[in-house]
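Structural features, examined
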Amino acid sequence: MSDETDTGTGTPAGPQPEPLRFFGTTWVEHDGGYTGRRIGAAVGSLAAAVAACFVLRFAYQGLAIADVGTPVTVMVVVMFAVCSALAFRHTSETFAKRPDPDRQASLRGLLAIGFVGSLLAYSVRSLTEAPGEKLHREEYEAAKEQYTRRTTRRTGNPSRKSRRT
């Protein structure tokens, strides 16, 4: 039995990596089908974004059939474009730092309208790494380092330090 495990439990001692959606903990060592999962996440989110664009196209056609007028049609198109751009930016930022829960709650409507941007951000990030991997890796490495510092045993008796004056 390794000294890296808790006695009797069989689980490793110290901090454990936080699982990522669709990736579990494969992002730590890039094993367990990590590359395939990344490709699947990129293709899947891109396919979902394309499907969402078709749904939005049908909504646009519905507005044209209803003959609501040019100002309303332009306003709806601009709203979806702006909300998608803001959702892309916000989603990309959440991969680099933890989002503020209050701000996240206040942006829930905007992110729901701009869901195409969020899907595209997820797809783009999946091309280089698991979305959120860099943030989780930094937090995990810092937690491991802190755990190592806390559990490292000192050698010698500190009261016997030689005091040179």
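To start, this report covers the structure provided alongside it.

The rules we used
- Residues numbered from 1 in each chain as written.
- Predicted model: local features only at pLDDT ≥ 70, side-chain atom pairs only at ≥ 80, totals over all residues.
- Heavy atoms only, no water.
- Helix = DSSP H or I, 4+ residues; strand = E, 2+ residues; numbered from the N terminus.
- Buried < 20%, exposed > 50% of the residue type's maximum accessible area, 1.4 Å probe, protein only.
- Contact = heavy atoms within 4.5 Å.
- Areas by Shrake-Rupley, 256 points an atom, 1.4 Å probe, with all protein chains shown as cover.
- Axes fitted to C-alpha atoms, helices over the stretch in contact; angles between N-to-C directions.
- Parallel < 35°, antiparallel > 145°, perpendicular 65-115°, else oblique.
- Left-handed = near helix turned anticlockwise from the far one by under 90°.
- 1 Å grid on protein atoms, 1.4 Å probe; cavity = no way out; pocket = protein on both sides within 12 Å on 5 of 7 lines; lining within 4 Å.
- Points joined across faces, edges and corners; volume = space filled by probe spheres on them.
- Nonpolar A, V, L, I, M, F, W, Y, C, P; charged D, E, K, R; others polar.
- Core = buried A, V, L, I, M, F, W, Y, C linked by side-chain atoms within 4.5 Å.
- Polar contact = N/O pair within 3.5 Å; in protein donor to acceptor, adjacent residues only side chain to side chain.

With that out of the way, let us pick up the overall build of the protein. A count of helical and extended segments in the protein gives seven helices and zero strands. For the protein, the proportion of its 165 residues judged to be buried stands at 24%. In the protein, the proportion of contacts linking residues at least 24 apart, taken out of those at least 6 apart, comes to 69%. Looking at the protein as shown, the accessible area adds up to about 11700 Å², and 60% of this sits on carbon and sulfur atoms.

Running from N to C, helix H2 (residues 34-66) and helix H3 (residues 70-94) cross one another at 165°; their axes reach a closest spacing of 10 Å. Considered as vectors, H2 and H3 are oriented roughly antiparallel to each other. The hand of the H2/H3 crossing is right-handed. Along the contact surface, H2 presents Leu56, Tyr60 and Leu63, while H3 presents Thr73, Val76, Val77 and Phe80.

We now examine the layout of surface pockets. Once rolled over the atoms, a probe with the size of a water molecule shows which space is left empty. The calculated volume of the largest pocket comes to roughly 500 Å³. Lining the largest pocket we find 17 residues, and of these Arg21, Thr94, Phe95, Tyr122 and Pro131 sit closest to its centre. Listed by contribution, the elements that provide at least two residues to the lining of the largest pocket are H3, helix H6 (115-126) and helix H7 (133-151). In terms of residue count, the dominant contributor to the lining of the largest pocket is H6 (three residues). Among the residues making up the lining of the largest pocket, the classes are represented as eight nonpolar, six polar and three charged.

Further remarks concern the nonpolar core. Considering soluble globular proteins, one finds that nonpolar side chains tend to be buried as a cluster. Grouped together as the largest cluster of nonpolar side chains are 10 residues: Leu20, Phe23, Trp27, Val28, Tyr34, Ala41, Phe95, Tyr122, Ala130 and Tyr140. Breaking this core down by element, the ones donating at least two residues are helix H1 (26-29) and H2. Those residues in contact with valine 28 that sit more than four places away from it in its chain are Pro17, Arg137 and Tyr140.

The subject of this paragraph is unusual backbone geometry. Even without glycine at this site, phenylalanine 22 takes up a positive phi of about 75°. Relative to the assigned elements, phenylalanine 22 resides in the segment before H1. Residue phenylalanine 22 is classed as exposed on the basis of its relative accessible area, which comes to 57%. A positive phi angle, near 55°, is found at histidine 30, a position not held by glycine. If you trace the backbone, histidine 30 turns up in the loop between H1 and H2.

With respect to the helices, strands and loops of the structure, threonine 91 is situated in helix H3. For threonine 91, a relative accessible area of 12% puts it in the buried group. Here threonine 91 is in contact with Ser118 and Ala121, once residues within four sequence places are set aside.

Our focus in this paragraph is the side chain of serine 118. By the element assignment, serine 118 lies in helix H6. A residue is classified by how much of its surface remains accessible, and serine 118, at 18% relative accessible area, is buried. A distance of 3.0 Å separates polar atoms of two side chains, one belonging to serine 118 and the other to threonine 91. Each residue touching serine 118, except ones within four places of it in the same chain, is listed here: Ala87, Phe88, Thr91 and Leu111.

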